[in-house]
Amino acid sequence: MNPLVRKQLQQINLAIHDIRDAAAEARHQTDEQTQHRDKLLQDTWRQSKELATLRRNADLADHLQEQHQQDLKRLHDARHALENLLHAIKALKAEFRP
């Protein structure tokens, strides 16, 4: 075989080898980036679920706070009514005391 052709074939083979190495490295980097992207997607989905849960909990907390305030008002009103009743009973008792 002609030495010039042999040398060119060797250079072509080296170039093919370099291209294979570059393609393998690119494939490896693509796989790593795909794994990283998948992890980020999972993290995003998890955070979205957590955010939705936190929003529901915040809404529930608001509702519970409102309900608590209403219960406190009812308790205050009941206490006030009981105090009035106690005063009325004491007044009646004083009227009927000999």
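The present account deals with the structure reproduced in this document.

Quick notes on the rules
The written sequence of each chain sets the order in which its residues are numbered from 1. Local features in this predicted model are restricted to residues of pLDDT 70 or higher, and side-chain atom pairs are both shown and tallied only at a pLDDT of 80 or more, whereas totals for entire chains, interfaces and linings draw on every residue. The basis for every side-chain value is the complete set of non-hydrogen atoms in the structure, without hydrogens or water. Any Lys or Arg side-chain nitrogen located within 4 Å of an Asp or Glu carboxyl oxygen qualifies as a salt bridge. Helix and strand assignments follow DSSP, with helices taken as H or I runs no shorter than four residues and strands as E runs no shorter than two, numbered in order from the N terminus. For each residue, the accessible area found with a 1.4 Å probe, counting protein chains only, is set against the maximum for its type, and the residue is called buried under 20%, exposed over 50%, and partly exposed in between.

### Section: the pattern of salt bridges
And then number 1: Within this structure, the stated rule accounts for 6 salt bridges.
And then number 2: Two residues, arginine 46 and aspartate 43, come together in a salt bridge whose shortest N-O distance is 3.8 Å. Of the two residues, arginine 46 and aspartate 43 both sit in helix 1 (residues 3-96), 3 residues apart, roughly one turn of that helix.
And then number 3: Between glutamate 50 and arginine 46 there is a salt bridge; the shortest N-O distance is 3.2 Å. Of the two residues, glutamate 50 and arginine 46 are both situated in helix 1; the distance of 4 residues between them amounts to about one turn of the helix.
And then number 4: We classify glutamate 50 as partly exposed; its relative accessible area is 39%.
And then number 5: Residue classification places arginine 46 among the partly exposed residues on the basis of a relative accessible area of 39%.

### Here's the deal with the environment of aspartate 71
And then number 1: With respect to the secondary-structure elements, aspartate 71 resides in helix 1.
And then number 2: The class for aspartate 71 is partly exposed, based on a relative accessible area of 35%.
And then number 3: Placed 22 residues apart in sequence, aspartate 71 and lysine 93 show a C-alpha to C-alpha distance of 32 Å.

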